[in-house]
Amino acid sequence: MPGTTLAGAGAKPAEEHPAGASGKADGNSRPAFRPADLDAFPEVDALLEKLGAGAFVRDSVTAPVGRNHAWSGDTASGRRVFVKRLVGGEADVRERMARIQSFEDFVEAVDELAAHVPVLLGSDRAAGLVVFEHVEARTGAELMVDEDFDGELAFVVGQKIGVLHSAVPVGDVDTTEPVMPEPALLRGLPLAMFNELSFAELEAWRLMQRDEALREALENLRRWEKEAPRVPSHTDFRVDQLLIKDGDVPVIADWEEFRLADPARDVGAFAGEWLYRSVLDIVTNRGDGDVPFPDTELTHEQILARGAEKMERLLPLVHHFWRGYRTRTEPDPGFAVRATAFAGWHLLDRLIAGAAQSQRLSGIERAAAGVGRGALITPHRFAALLGFEDTP
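### Observations regarding a negative patch on the surface
Here is step 1 of the chain: A cluster of acidic side chains, namely Glu136, Asp150, Glu152, Asp246 and Asp248, defines a negative patch on the protein surface.
Here is step 2 of the chain: Following the sequence through the fold, Asp248 ends up in the loop between β7 (242-245) and β8 (249-252).
Here is step 3 of the chain: Classification of Asp248 by relative accessible area gives partly exposed; the value is 41%.

### As for the packing of aromatic side chains
Here is step 1 of the chain: Taken as a whole and assessed by the stated rule, the structure comprises 16 aromatic pairs.
Here is step 2 of the chain: Arranged with centres 6.1 Å apart and planes meeting at 45 degrees, the rings of Phe103 and Phe106 form a pair that is tilted. One end of the pair is Phe103 and the other is Phe106, both in helix α3 (residues 90-107) and 3 residues apart, which spans about a single turn.
Here is step 3 of the chain: Residue Phe106 is classed as buried on the basis of its relative accessible area, which comes to 0%.
Here is step 4 of the chain: With a centroid separation of 4.1 Å and 15 degrees between ring planes, the pair formed by Phe270 and Phe321 is classed as stacked. Taken together, the residues span a long stretch of sequence, with Phe270 in helix α10 (residues 264-280) and Phe321 in helix α12 (residues 316-326) at a distance of 51 residues.
Here is step 5 of the chain: The buried category is assigned to Phe270, whose relative accessible area is 1%.
Here is step 6 of the chain: Through pairs of rings, three or more aromatic residues link up here, namely Phe149, Phe237, Phe270, Trp274, Phe321, Trp322, Tyr325, Phe335 and Phe388.

### A closer look at the sheet that holds strand β1 (residues 69-74)
Here is step 1 of the chain: Within the open sheet, the 4 strands sit side by side as β1-β2-β4-β3. Their pairing is antiparallel. Strands at the two margins of the open sheet, each flanked by one partner only, are β1 and β3 (120-124). Across the sheet, the mean angle separating the axes of adjacent strands is 15 degrees when strand polarity is ignored.
Here is step 2 of the chain: Of the strands in this sheet, β1, β2 (80-85), β3 and β4 (129-133) touch helix α2 (residues 42-50), which is tilted by about 50 degrees from β4.

### Some thoughts on the sheet that holds strand β5 (residues 138-139)
Here is step 1 of the chain: Spatially, 3 strands are ordered β5-β7-β8 in an open sheet, and the strand pairing comes out antiparallel. Bordering the open sheet on either side are β5 and β8, each of which pairs with just one other strand.
Here is step 2 of the chain: Along the sheet, helix α6 (residues 151-166) makes contact with β7 and β8, crossing β8 at roughly 40 degrees.

### Considerations on the environment of Trp322
Here is step 1 of the chain: Relative to the helices and strands, Trp322 resides in helix α12.
Here is step 2 of the chain: Between the C-alpha atoms of Trp322 and Phe388, which are 66 residues apart in sequence, the distance is 6.7 Å.
Here is step 3 of the chain: Within the structure, Trp322 has its side chain in polar contact with the backbone oxygen of Gly387 (distance 3.4 Å).

About the cut-offs
- Starting afresh in each chain, residues are numbered from 1 along the sequence in its written order.
- Only residues with pLDDT of 70 or above have their local features reported here, since the model is predicted, and side-chain atom pairs are shown and tallied only from 80 upward, although totals for entire chains, interfaces and linings are computed over all residues.
- Only hydrogens and water are removed before side-chain values are computed, so all heavy atoms of the structure are retained for them.
- Note that patches include only residues with greater than 30% relative accessible area and no salt bridge, and the join distances are 9 Å for like charges and 5 Å for nonpolar side chains (Val, Leu, Ile, Met, Phe, Trp, Tyr).
- Every accessible area reported is derived by Shrake-Rupley at a probe size of 1.4 Å, with residue values counting cover from the shown protein chains alone.
- Throughout this description, the term salt bridge denotes a Lys or Arg side-chain nitrogen within 4 Å of a carboxyl oxygen of Asp or Glu.
- Only four residue types enter the tally: Lys and Arg on the positive side, Asp and Glu on the negative side; His and the chain ends are excluded.
- Every charge is mapped to an atom, namely NZ of Lys, CZ of Arg, CG of Asp or CD of Glu.
- Strands are runs of DSSP state E lasting at least two residues, helices are runs of H or I lasting at least four, and both sets are numbered from the N terminus onward.
- Note on classification: 1.4 Å probe, protein chains only; a residue is buried when its accessible area is under 20% of the maximum for its type, exposed when over 50%, partly exposed between these limits.
- Any pair of Phe, Tyr and Trp rings, taking the six-membered ring for Trp, is counted once the centres come within 6.5 Å. Such a pair is stacked with planes under 30 degrees apart, edge-to-face with planes over 60 apart, and tilted for the rest.
- Between any two strands, at least two bridges found by DSSP are needed for them to pair.
- As a rule, the C-alpha atoms of each element are fitted with a line to give its axis, helices using only the stretch in contact, and angles between N-to-C directions run from 0 to 180 degrees.
- Contacts are assigned to residue pairs that have any heavy atoms within 4.5 Å of one another.
- Distance and chemistry together define a polar contact, namely a pair of N or O atoms within 3.5 Å, with one atom able to donate a hydrogen and the other to accept it when in protein, and with adjacent residues in sequence counting only for side-chain atoms on both sides.

In structure tokens, the structure reads:
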């Protein structure tokens with residue numbers, strides 16, 4: 001049962017953003033890290049001084065939790081900034097810094113997208129530091145939880161992802177394939193990885209490793225991905241990476257995984273977010289209006305019925321996103337099936353990441369994984385449910 005922790009293998013912890021927030025901890029975000037002590041990293045103030053912003057004013061600084069070190073606050077010059085220090089092995093940090101810079105070079109030539117990404121003020125590659133202008137915003141995850149994420153916003157976000165995918169790459173853009181999903185892990189885990197996993201993480205992997213049909217579906221997806229067009233892509237797209245400013249203007253953050261990749265990955269990830277939310281909502285009264293939540297344990301039939309109701313309520317947001325996307329680019333043949341399969345993988349990725357924060361897998365996490373499995377194994381059937389076969 002044999003490299004790294006699950007986070008390093010592709011299951012993503014909470015991200016940090018120029019808004020200085022990572023979303024609410026409701027099952028849709030994954031904060032489990034301690035804020036970093038700014039005084040332990042004097043190179044941060046040194047970079048801010050070099051950029052002319054002045055050092056951080058300490059009593060204004062907040063430190064969002066996430067897999068990287070991050071600080072947001074006012075500087076001596078009065079400018080409000082967000083600083084991220086990438087955490088990881090030397091090669092990993094170097095590659096992520098290179099991808100951030102390659103995205104900056106790329107987006108300068110894409111006017112419709114440039115206004116919808118954080119403003120990079122400067123960086124220090126050797127120290128793994130990037131400085132952004134602070135964005136006063138709510139995250140897409142917060143809007144999702146508060147039920148404020150509407151169809152108009154989904155349509156605009158779809159347009160911006162469509163602009164990204166239709167743009168001509170500029171400069172030296174990474175062409176390596178994203179690490180996950182990795183079908184080989186369903187045959188056995190590297191020993192170093194196995195030794196670091198919690199009981200819940202092992203439970204999640206065992207659940208998948210017993211499933212020959214799932215492994216075959218993941219192998220199919222990776223083969224389809226290799227044969228797909230390669231376009232500028234985010235490749236780590238989630239609603240908690242959307243920063244929504246006043247006027248519902250979306251800013252798309254966290255471009256550390258930017259590369260040329262299958263565009264269906266980004267579209268599938270957005271759909272997967274709403275599939276996952278709809279399953280989580282089975283055991284809540286979100287969207288039920290004045291109808292009280294059952295005070296007894298749900299029967300199997302009730303779970304199925306509530307799941308269908310929640311999907312019917314939330315999946316129109318995927319349809320709006322898809323319509324917006326189609327106004328900016330024309331998907332290739334096979335796109336809908338690949339995007340649906342990536343949506344299914346997104347739910348399994350959530351299972352792995354959630355297990356890292358739990359002692360045991362919950363029933364609702366298993367249910368979400370079951371939906372993801374269905375989308376992966378029979379993506380042709382699920383594509384219509386997600387609305388990927390619709391025209392603009």
